[in-house]
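Chains, contacts and geometry: an overview
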Amino acid sequence: MTLVPRLGRRVGRIMVALLIVGPALVACENDSDSARRVVAYISADPQTATPVLEAFERRTGIRVDPLFDTEATKTTGLAERLRREASRPRADVFWSSEPFAVEQLAADGVLAPIAHPDLDSHPAAWRRHDDRWFAFAGRPRVIAFRPDRIASADLPASWADLADPAWQDEIAMADPRFGTTRGHVGALAAGWGERVFESWLDGLARNRVRLLPGGNAATVDAVVRGEVLLGLTDTDDVLAARRQGRTVDAIRPRHLADDDAGGGTLVVPNAAGVVAGAAHPDAAAELVAFLASAEVERMLRASPAAHQPLAHPELRAAAGGADTFDEPDPWRCSIEEVAAAMDPAV
């Protein structure tokens, strides 16, 4: 007669115990699973970044949840999102296809210093002084043209030559508020000085340069369609058009005189950092260390975008070939100085 009530009390005690212990077990499982994932905001092209992320997942077992930017607002859109989320970060890592917005985020404290043994030997020229970002693999800035519309001898010899009246109504560029065009404008302001830079801008204004909202790819399209003779862009967009069978070539004009070492065209590196207050800081550091590795520079070199190795220059002979558009004498400019000059220049 008393068996059922006792059994009922026992079941009741078991249920209470499960209610107390169960959530803790679930929480432990979720915490463990959570530690093996990383949320990455990425402005690099998905077709370039995805194989790298998959290689990282295979190597480490850490799952990457990526959020990509749009072509038209490359880097700028995600950088602003990171600022808005600074008090409650959703991202763990920011991988940008250009380092200047990354530097601005680091200067504002949105990115945190990274400590990882695989990053100890990363070259000083391609890391922030406090290790809030690491740079790697870049794309030279070039001028796209159609060889059937303009002879090589008639092309501009330097970026300064774009202010020549001969190019009136024949130049297109992406909206300078975004992406690598934004960084390039900042580099010109920082490297040339205010007087020369403003004179150049006046020349572009007189030449009625076309500012295109579709980014660097739209700039190459305008050249291919014959709407302009010259397009300011990156090498990867020229290579993408070539793979589609379109007739387009590119030149790498210098920013300084021929006898000025370190005066070639601007090479814009990738950069990555860990978000301050990231939910998964250890996994985030693992991802940044992997991105900055020789393995990833090798992958980006062999990718259709044919990035130029920077942190591991010994890899430049690998893959690519005539279509790499490598810059043997990249313009020597400080990423920090460019980032500071960028917004006033725009």
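A short tour of the structure in this document, coming up. All of these numbers come straight from a predicted model, not from anything done at the bench.

This brings us to helix 6 (residues 194-206). Given a rise of 1.5 Å per residue, 13 residues ought to cover 18 Å, and the 18 Å separating the end C-alpha atoms of helix 6 matches this to within 8%. For helix 6, the full list of buried residues reads Phe197, Trp200, Gly203 and Leu204. Axial view of helix 6: buried residues confined to an arc of 120°, hence all on one face. The exposed residues of helix 6 that point more than 90 degrees off its buried face are Glu194, Arg195, Ala205 and Arg206. Buried residues along helix 6 sit in contact with strand 6 (171-174), helix 5 (179-192) and helix 11 (335-345). Backbone geometry just after helix 6 places Arg208 at a positive phi near 50°.

On to unusual backbone geometry. What you tend to see is this: most non-glycine residues have negative phi, and most peptide bonds are trans. Within the chain, Ala137 stands out as a residue other than glycine whose phi angle is a positive 40°. For Ala137, the location among the structural elements is in strand 5 (residues 134-145).

Two elements in contact, helix 4 (residues 100-107) and helix 11, have axes separated by 8 Å at closest approach and are oriented at 90°. Classed by the angle they form, the pair helix 4 and helix 11 counts as roughly perpendicular. Counted together, Phe100, Ala101, Glu103 and Gln104 of helix 4 and Ile335, Glu336, Val338, Ala339, Met342 and Asp343 of helix 11 form the full contact between these two elements. Classifying every residue of the contact of helix 4 with helix 11 gives six nonpolar, one polar and three charged.

By convention here, two paired aromatic rings are described through the distance between centres and the angle between planes. All told, the structure shown has four aromatic pairs when counted by the stated rule. For the pair Trp95 and Phe136, a centre-to-centre distance of 6.2 Å together with 50° between the ring planes defines the contact as tilted. You can see Trp95 sitting in strand 3 (residues 93-96) and its partner Phe136 sitting in strand 5, a full 41 residues away along the chain. Phe136 matches Trp95 in its accessibility class, with the two residues each being buried.

Conventions adopted
Numbering of residues starts from 1 in every chain and runs along the sequence as written. Under the rules for a predicted model, residues below a pLDDT of 70 receive no local features and side-chain atom pairs below 80 are neither given nor counted, while totals for whole chains, interfaces and linings still include all residues. Where side-chain values are given, they derive from all heavy atoms of the structure, hydrogens and water being excluded. Working definition: helices are DSSP H or I runs of at least four residues, strands are E runs of at least two. Numbering for both runs from the N terminus. What a helix should span is 1.5 Å times the count of its residues minus one. Per-residue accessibility, obtained with a 1.4 Å probe over protein chains only, is compared with the maximum for each type, and a residue is labelled buried under 20%, exposed over 50%, and partly exposed between these values. Each direction from the helix axis to a C-beta atom contributes to the arc, which is the arc of those directions. Note on contacts: a residue pair is in contact if any heavy atoms of the two residues lie within 4.5 Å. Each axis is a line fitted through C-alpha atoms, taken for helices only over the stretch in contact, and angles between the N-to-C directions span 0 to 180 degrees. Angular relationships are summarised with four words: roughly parallel below 35 degrees, roughly antiparallel beyond 145, roughly perpendicular across 65 to 115, and oblique for the angles in between. Put simply, Ala, Val, Leu, Ile, Met, Phe, Trp, Tyr, Cys and Pro go in the nonpolar bin, Asp, Glu, Lys and Arg in the charged bin, and everything else, Gly too, in the polar bin. Two aromatic rings from Phe, Tyr or Trp, using only the six-membered ring of Trp, form a pair when their centres are within 6.5 Å; if the ring planes differ by under 30 degrees the pair is stacked, by over 60 it is edge-to-face, and anything between is tilted.

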